[in-house]
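Residues per chain are reported as follows:
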Amino acid sequence: MAYNKLEKKLLHYMGKAIADYNMIQTGDRIMVCLSGGKDSFTLLQLMHKLALRANKKLEVFSFTLDQSQPGWDDSGLRDWLDDKGFNYEILTRDTYSVVIDKVPEGKTYCSMCSRLRRGNIYTYAERNGFVKVALGHHRDDLIESMLMSIMFSGSVRSMPPKLLTDNKKHIVIRPLAYCQEADIAEYAEQQQFPIIPCNLCGTQENMTRQKVKELIRGLAADNPKIPGNILAAMGNISPSQLMDHKHFDFKGLEEELLEAVQGIDLLGHGQGSA
């Protein structure tokens with residue numbers, strides 16, 4: 001099976017993420033969420049190639065939620081899915097009207113839009129027997145989310161590569177967790193995916209994520225290793241070097257010190273007696 005160089009790179013990093021976090025097992029039925037953006041198109045196409053590699057011991061299904069946003073036109077997406085022969089469903093739910101009604105003027109729509117989208121995704125997955133749900137978040141999404149959380153929420157958290165939902169009914173996987181957005185953008189352009197723009201929030205300026213994206217881009221211009229270092233930091237936590245009482249017993253250090261000193265004294269005393 002012939003792949004171009006960029007596709008091989010993306011498949012390599014996707015395969016590594018899947019292996020590192022044990023995302024997929026033989027016989028899995030995976031619902032890939034196709035939003036119509038470059039990331040989800042890339043994920044769906046690569047997941048199907050992965051399924052072919054696995055001799056179809058893996059089922060990949062495409063799910064798209066039409067949220068009735070202005071300008072939504074999925075005709076190109078439908079044609080692309082039909083041309084590829086992919087199994088899919090496009091479900092229409094008017095969450096757009098809810099978001100416009102509930103979000104105050106001047107505030108970003110992303111949070112509520114995402115929350116309503118997730119609810120519809122999980123409901124569909126449960127009704128149709130899909131335990132694994134695959135999302136198209138990539139490396140840049142993960143590191144941006146962590147910095148946003150640190151700077152604006154006061155917590156160290158991000159989008160994990162693999163997650164058990166709160167109701168314990170679904171496992172969310174992010175196979176593109178190691179893939180760079182620039183590579184995905186180039187691949188999407190190369191493949192000429194029929195991208196559907198998000199007209200709900202795309203025109204809102206000065207969004208927090210965009211600011212963080214620009215911050216990282218500026219730092220990476222001086223040191224290209226910075227984005228990769230931030231990603232690596234998520235898997236290299238030292239609780240004793242942070243400030244979280246839930247993950248390290250700072251109050252018990254004196255007792256630990258005393259036990260260590262007593263152990264040294266006993267060892268020294270034993271050696272002297274000999």
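Higher on the page you've got the structure.
Residues numbered from 1 in each chain as written. Predicted model: local features only at pLDDT ≥ 70, side-chain atom pairs only at ≥ 80, totals over all residues. Heavy atoms only, no water.

## Concerning the pattern of salt bridges
When charged atoms on two side chains of opposite charge get close, those side chains can pair. Considering all chains together, one arrives at 13 salt bridges under this definition. A salt bridge links Lys-38 to Asp-39, with the shortest nitrogen-to-oxygen separation between them at 3.3 Å. Beyond isolated ion pairs, a larger network of salt bridges with shared partners links Lys-38, Asp-39, Glu-144, Glu-181, Arg-209 and Lys-213. (Salt bridge = Lys/Arg side-chain N within 4 Å of Asp/Glu carboxyl O.)

## Brief notes about the sheet that holds strand S1 (residues 29-33)
Spatially, the six strands line up as an open sheet ordered S3-S2-S1-S4-S6-S5, and their pairing is mixed. Of all strands in the sheet, those bounded by a partner on one side alone are strand S3 (88-92) and strand S5 (162-164). Averaged over all pairs of adjacent strands, the angle between strand axes in this sheet comes to 25°, irrespective of strand direction. Pairing of S5 with strand S6 (residues 171-173), which is carried by three bridges, proceeds in the antiparallel orientation. Across the sheet, Lys-162 pairs through a bridge with Ile-173, a residue of S6. Those strands touched by helix H3 (residues 75-84) are strand S2 (59-66) and S3, and its axis lies near 160° from that of S3. (Pairing = 2+ DSSP bridges. Helix = DSSP H or I, 4+ residues; strand = E, 2+ residues; numbered from the N terminus. Axes fitted to C-alpha atoms, helices over the stretch in contact; angles between N-to-C directions. Contact = heavy atoms within 4.5 Å.)

## Thoughts on helix H9 (residues 226-234)
Each turn of an α-helix holds 3.6 residues, which means side chains three or four residues apart point in the same direction. Of the residues making up H9, those classed as buried are Ile-226, Pro-227, Ile-230 and Leu-231. An end-on view of H9 places all buried positions within 140° of arc, on one side of the element. Those residues of H9 that are buried lie in contact with helix H6 (139-152) and helix H8 (208-222). (Buried < 20%, exposed > 50% of the residue type's maximum accessible area, 1.4 Å probe, protein only. Arc of directions from axis to C-beta.)

## Things to note about unusual backbone geometry
Look at Asn-22: it is not a glycine, yet its phi comes out positive at around 50°. Mapped onto the elements of the fold, Asn-22 is located in the loop between helix H1 (5-20) and S1. You will see that Gln-192, though not glycine, has its phi angle at about 55°, which is positive. One can find Gln-192 in the loop between helix H7 (181-191) and H8. Taking the relative accessible area as the measure of exposure, Gln-192 reaches 56% and is therefore exposed.

## Some details on the pairing of S1
In terms of burial, S1 is a largely internal element, four of the five residues being buried. Bridge count for S1 against S2 is five bridges, and the pairing is parallel. Across the sheet, the residue bridging to Cys-33 is Phe-63, located in S2. In terms of strand pairing, S1 meets strand S4 (residues 132-134) through three bridges, oriented parallel. Residue pairing for S4: Met-31 is matched across the bridge by Val-133.

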